[in-house]
Amino acid sequence: MRKVPRRVMVPASVLVLIAVFWLARSSEGQSPRGSGQFPAYRPPRTMDGHPDLNGIWQAFVTANWDLQDHEAQAGPFPELMGAYGAGPAGQSIVEGGEIPYQPWALAKKKENYSQRAKVDVTNDGKWHDLGDPELKCYMPGVPRAAYMPFPFQIVQGSSPYILIAYEFASATRTIRMNWKDEAPIDAWMGWSRGRWEGDTLVVDVTGLRGETWFDRAGDFHSSALHVVERYTPVSPYHLAYEATIEDPNVFTRPWKISFVLYRRMEKNLQLLEFKCVPFTEELLYGAMRKRSGR
Amino acid sequence: MKWIAFPVTFFVTVSWTALAGQAPAGTGKPKPAKTPPPARAWTAPRTPWGDPDLQGVWNDATSTPLQRPGGIGDQQVLRDEEVAGFQDDLAYNLTRDRRDGGPEVDVNRAYNEHWMDARRLKITADHRTSLIIDPPDGRIPPTVPLTPEKQKARAARAAAVARFNAGLPNEHQEMSLPVRCIIRTDSPPYLPTIYNNDFQIFQSPGYVVIGPEMIHSARIIPLDSRPHLGPTLRQWLGDTRGRFEGQTLVIETTNFRSDEGVIFGDANPATYRITERFTRVAADAIDYEFTVEDPMTWTRPWTARIPWTKIDPAEQMYEYACHEDNYDIVHLLAGARTREKNGETVPQK
């Protein structure tokens, strides 16, 4: 059995829960932490014998506002948006509760938050310096795409590629199964290589652009980000999702998030478009409009 | 089976005199790809769940023009001795590494050979003179007279384009949808362009998904006969439903938004119909055929066929980001404001 890291200072009851989790983890084929509430489950298979993950899925955690514990909060412009702009409260999806930032990075995260709704695109060199990329309708990267408040669809066929199509910004990513080649270049949605470990789809993601954020609270990373995602079916309607996040430029150690993805069950439900460029253009470019003669 | 049907329709549409005039082979001319391998040697693959298998990364680049160039008349297929010249002329007109247009034209050729998809400089293997196969003249049919509203919209659009071309756009909203990175070549019908002509097709039971390289959207096509979205739920890329007819994936798309530039030829979204057909005709080839019609726009329906070629598996399709680093849109606006300060105006024609 593996030891609980010593630096984790939490009540004994939580330690017991964590111990139970590690016990569960240590036996092969058991469901992961996010599946604690679920009894043992053997998922249906595709014709090649792997668990069938096809479907439209959505997270219902509020991590897009903040990965860590957060109270309900006003939006950045309450005088304009009122309660429309406000965000819901939510519990941390980070194992241990806190993201292990290096001291400078914690200060940077706070600065990000204070500037989350500011943009300045008038200088190419500082194009990405200000503002939450979500505000600017940039592709959200991984793992943020998995817990944004939008559905996504997994398309798993008989080729060596699994597609994940996200409603937000029409972002897509291809998971290359059992792929050897490293990321040829950084991309907003990264370079995803998948493999099966028992009933779990494990996706190793590198080649991520450094500019994406994890949430609206300013949580961030560098282009050295390495994410390992684990998708495990735990019922016909749920996937347990876990991601291990590693970035030695920003964090003191790897850390982990977990939550549950829900299958969307509405009849004839389909992914719709959330092409948000037209919703952010005024913010980005409005100041450069011709001022007279219109 | 489409594999049989393809050469048959091909020859039927060919001018027989052109075929009769074929030069004998063996003269070192470009390979006549007109002769397909024996049909019996190849069976269209099926997915494990029984659908025709279209999975893979495909490329639709060709220099063969959508519409037949003038001066060729009704000749639908080139004679062998015409192939090289036709292809060279098209390549010359498409290429941008030229310095024969003066400085302003040079600037507009900044997307030079570095960007050019090499496949874009080659005509289709069947040596057709246009991608349009119907009407027989290879041209988009005549347009019907525009309504006054449409005329007004066209005039406003033309003025915006003139401002853009003069480097004097008033605002981002009058730039085209591709410049704004809202939709690009992911909008049907799929037509070849200078770069990023790849499409990755994914399939799962009940779905076909087409992932165009530009701009990273997924066209998710349900095959379960469900109804289209309601009429007030419109999308930039429309709403697609599909079915297999034999070997052919047939898809129909409705619910397009009414913004300028969403639909080819700015046809009327209420009366526009587009049907696309995908048929795997060889291990490395799909026939992509589309028919569009709109009685408010064209005098008759028209159909084009574009070959899709499977790319080398070692050649991957990469993410095409657009809006995320759309520096150009800022440079264009900044340039316009500077030009205004300098007293520049849009040239009147």
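Residues numbered from 1 in each chain as written. Chains lettered and ligands numbered in written order. Predicted model: local features only at pLDDT ≥ 70, side-chain atom pairs only at ≥ 80, totals over all residues.

Topic: the overall build of chain A
Helix and strand counts for chain A come out as five helices and nine strands. Secondary structure of chain A in N-to-C order comes out as α-β-α-α-α-β-β-β-β-β-β-β-β-α. For chain A, with 294 residues in total, the buried portion stands at 39%. Across chain A, the fraction of contacts at a sequence separation of at least 24, relative to all contacts at a separation of at least 6, is 58%. (Helix = DSSP H or I, 4+ residues; strand = E, 2+ residues; numbered from the N terminus. Buried ≥ 20, exposed ≤ 12 C-beta atoms within 10 Å, placed from the backbone. Contact = placed C-beta atoms within 7 Å.)

Details of the overall build of chain B
If you tally the helices and strands in chain B, you get six helices and 10 strands. When burial is assessed residue by residue, chain B has 30% of its 349 residues classed as buried. Of the contacts made within chain B by residues no fewer than 6 positions apart, 67% connect residues no fewer than 24 positions apart.

Considering the pairing of strand S10 (residues 302-310) of chain B
Residues and elements named next belong to chain B. The pairing of strand S1 (residues 56-59) with S10 spans two bridges and is antiparallel. Residue pairing in the sheet places Trp58 in a bridge with Lys310 of S10. As judged from the two bridges shared by strand S2 (residues 132-134) and S10, these two strands associate in the antiparallel manner. Bridging from a neighbouring strand, Asp134 pairs with Thr303 of S10. As judged from the eight bridges shared by strand S9 (residues 285-293) and S10, these two strands associate in the antiparallel manner. Looking at the pairing, Ile286 lines up with Trp308 of S10. (Pairing = 2+ DSSP bridges.)

Here we look at the sheet that holds strand S5 (residues 191-197) of chain A
Residues and elements named next belong to chain A. In spatial order, the strands read S1-S2-S3-S4-S5-S6-S7-S8-S9; together these nine strands close into a barrel with mixed pairing. Sheet twist, expressed as the average angle between the axes of neighbouring strands with direction ignored, equals 30 degrees. Note that strand S8 (residues 238-246) and strand S9 (residues 255-263) share eight bridges and pair antiparallel. Counted as the bridge partner of Leu239 is Leu261 from S9. (Axes fitted to C-alpha atoms, helices over the stretch in contact; angles between N-to-C directions.)

Brief notes about the interface of chain A and chain B
At the interface, 41 residues of chain A touch 38 residues of chain B. Of all the secondary structure elements, the ones that give two or more residues to the side of chain A that touches chain B are strand S2 (152-156), strand S3 (161-166), strand S4 (172-177) and helix H5 (277-285) of chain A. Sorting elements by how many residues they give to the side of chain A that touches chain B places H5 of chain A first, with four residues. Considered class by class, the residues forming the side of chain A that touches chain B number 22 nonpolar, 12 polar and seven charged. (Nonpolar A, V, L, I, M, F, W, Y, C, P; charged D, E, K, R; others polar.)

Quick notes on H5 of chain A
Along H5 of chain A, the positions that sit buried rather than exposed are Val277, Glu281, Leu284 and Tyr285 of chain A. The buried residues of H5 of chain A occupy an angular sector of 80 degrees when the element is viewed end-on, so they sit on one face. Looking at the buried side of H5 of chain A, the elements it contacts are helix H6 (327-341) of chain B. (Arc of directions from axis to C-beta.)

Regarding the pairing of strand S6 (residues 239-245) of chain B
Two elements, S6 of chain B and strand S7 (residues 248-254) of chain B, share seven bridges in a ladder whose sense is antiparallel. Of the residues in S7 of chain B, the one forming a bridge with Asp239 of chain B is Thr254 of chain B.

Brief notes about the confidence of the model for chain A
With 87% of its residues at a pLDDT of 70 or more, chain A has an overall mean of 90. When the criterion is pLDDT under 50, residues 1-32 of chain A qualifies, and its contacts beyond four places in sequence or with other chains add up to 24 contacts. (pLDDT = per-residue confidence, 0-100.)

Comments concerning the confidence of the model for chain B
When pLDDT is averaged along chain B, the result is 86; 88% of the residues meet or exceed 70. Considering only residues more than four positions removed or in separate chains, one finds that residues 1-33 of chain B, a stretch of pLDDT under 50, has 39 contacts.

A few points about unusual backbone geometry
Cis geometry is adopted by the peptide bond preceding Pro143 of chain A, which originates at Val142 of chain A and carries an omega value of 10 degrees. At the junction of Met214 of chain B and Ile215 of chain B, the peptide bond is cis and its omega measures out at 5 degrees in the coordinates. Tracing the sequence through the fold places Ile215 of chain B in the loop between strand S4 (207-212) and strand S5 (219-222). Positive phi outside glycine occurs at Asn178 of chain A, with the angle close to 50 degrees. Within the secondary structure, Asn178 of chain A sits in the loop between S4 and S5. For Asn178 of chain A, a count of 9 C-beta atoms within 10 Å translates into the label exposed. Despite not being glycine, Cys181 of chain B shows a phi value in the positive range, around 65 degrees. Summarising the element assignment, Cys181 of chain B is placed in the loop between helix H5 (148-165) and strand S3 (198-204). You can call Cys181 of chain B buried: it has 23 C-beta atoms within 10 Å.

Some details on the nonpolar core
Counting residues in each nonpolar core, the largest one holds 94 residues, and the members touching the most others are Ala145, Leu163, Ala165, Leu239, Tyr241 and Phe259 of chain A together with Val209 of chain B. The element contributing the most residues to this core is S3 of chain A, with six residues. Counting residues in hydrophobic clusters, the runner-up holds eight residues, among them Leu284 and Met288 of chain A together with Met175 and Ile329 of chain B. (Core = buried A, V, L, I, M, F, W, Y, C linked by C-beta atoms within 7 Å.)

So, the environment of Phe150 of chain A
Residues and elements named next belong to chain A. Assignment of secondary structure puts Phe150 in the loop between helix H4 (144-147) and S2. Owing to 18 C-beta atoms within 10 Å, Phe150 belongs among the partly exposed residues under this scheme. Distance in space between the C-alpha atoms of Phe150 and Ala59 is 7.8 Å, their sequence separation being 91 residues. In this structure, Phe150 is in contact with Tyr166, Glu167, Phe168 and Phe274, ignoring residues within four places of it in sequence.

Overview of the environment of Ala105 of chain A
Residue and element names in this part refer to chain A. Residue position: Ala105 is located in helix H3 (residues 103-114). Residue classification places Ala105 among the buried positions, given that 21 C-beta atoms sit within 10 Å. Sequence-wise, Ala105 and Asp219 are 114 residues apart; in three dimensions their C-alpha atoms are separated by 9.1 Å.

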